[in-house]
Amino acid sequence: QVQLVESGGDLVQPGGSLRLSCQASRNIFSINVMGWYRQAPGKERELVASISRGGSTNYADSVKGRFTISRDNAKNTVYLQMNSLKPEDTAVYYCKALWGAPVPTAYWGQGTQVTVSS
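Residues numbered from 1 in each chain as written. Predicted model: local features only at pLDDT ≥ 70, side-chain atom pairs only at ≥ 80, totals over all residues. Heavy atoms only, no water.

**Student:** Which parts of the structure should I look at to understand the overall build of the protein chain?
**Tutor:** The helix and strand inventory of the protein chain stands at 0 helices and 11 strands. For the protein chain, the sequential pattern of α-helices and β-strands runs β-β-β-β-β-β-β-β-β-β-β. Here the C-alpha atoms of the protein chain give a radius of gyration of 14 Å, agreeing with the 13 Å that 2.2 N^0.38 yields for 118 residues. Along the three orthogonal principal directions, the C-alpha set of the protein chain runs to about 45 × 25 × 25 Å. Restricting the contact set of the protein chain to residue pairs at least 6 apart, pairs at least 24 apart contribute 55%. Accessible surface computed for the protein chain: about 6200 Å², of which carbon and sulfur atoms make up 47%. (Helix = DSSP H or I, 4+ residues; strand = E, 2+ residues; numbered from the N terminus. Rg over C-alpha atoms; globule rule 2.2 N^0.38 Å. Contact = heavy atoms within 4.5 Å. Areas by Shrake-Rupley, 256 points an atom, 1.4 Å probe, with all protein chains shown as cover.)

**Student:** I would appreciate a short explanation of the pattern of salt bridges in the present structure.
**Tutor:** A side chain of one charge can pair with a side chain of the opposite charge when the charged atoms of the two come close. For the structure shown, the criterion picks out 4 salt bridges. Of the charged contacts in the structure, one is a salt bridge between R38 and E46, with a shortest N-O distance of 2.7 Å. For D89, the salt bridge goes to R38, with nearest N and O atoms at 2.9 Å. Highlighted residues: D89 in the loop between β8 (77-82) and β9 (91-99) and R38 in strand β4 (residues 33-39), separated in sequence by 51 residues. Across the pair, exposure class does not vary: D89 and R38 are buried alike. Overlapping salt bridges bring together R38, E46, R66 and D89 as one network. (Salt bridge = Lys/Arg side-chain N within 4 Å of Asp/Glu carboxyl O. Buried < 20%, exposed > 50% of the residue type's maximum accessible area, 1.4 Å probe, protein only.)

**Student:** Just checking my understanding: could you explain the pairing of strand β11 (residues 112-116) for this structure?
**Tutor:** Within a regular strand, the side chains alternate between the two sheet faces. The alternating pattern of β11 places T112, V114 and V116 on a buried face and Q113 and T115 on a face that is not buried. Two strands pair when backbone bridges link them, and β9 and β11 are joined in this way by 3 bridges, in the antiparallel orientation. Within the sheet, the bridge partner assigned to V92 lies in β11 and is Q113. (Pairing = 2+ DSSP bridges.)

**Student:** Is there a simple way to explain the environment of Q3 in this structure?
**Tutor:** Structurally, the position occupied by Q3 is in the segment before β1 (4-7). The exposure class of Q3 is partly exposed, given its relative accessible area of 45%. It is 7.6 Å that separates the C-alpha atoms of Q3 and W108, two residues lying 105 residues apart in sequence.

So this is what it looks like as C-alpha cells:
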C-alpha cells in the first residue's frame, strides 16, 4: 500500500504562487505514476498534472505554462509548483499514486485546499 500526505495549500491572491508537496510512504521510484488532481465545488475531479516513473510529464491544457510537476526520489516527494494563479484554480488538490503489479492500484491523499482570491 501507499499512504500519501499533501501539504502546501493556502489562500493566495491572483497572480501569486504556491508549491504543493505530496510525500509518499514508500520509495516513489517504485510507483508507476504520480499525479495531482483537483476538485472545485460542484465540479468533477480533474487531472492537473502527472509524472511517470521515467520522468514523463503530462498537464491539463488549463495549467500548461503555469504549473510544473516534479519529483524528489530521495525525499519520496512529488511537488506541484503553481505560478500565475487564477481564481478558477481554486479547488481541493489531491495527490494520486498508481502502484502495484500486475494491475496497479490507485491511492489518494486527503487533499489540500487552494484558494485564489483577492
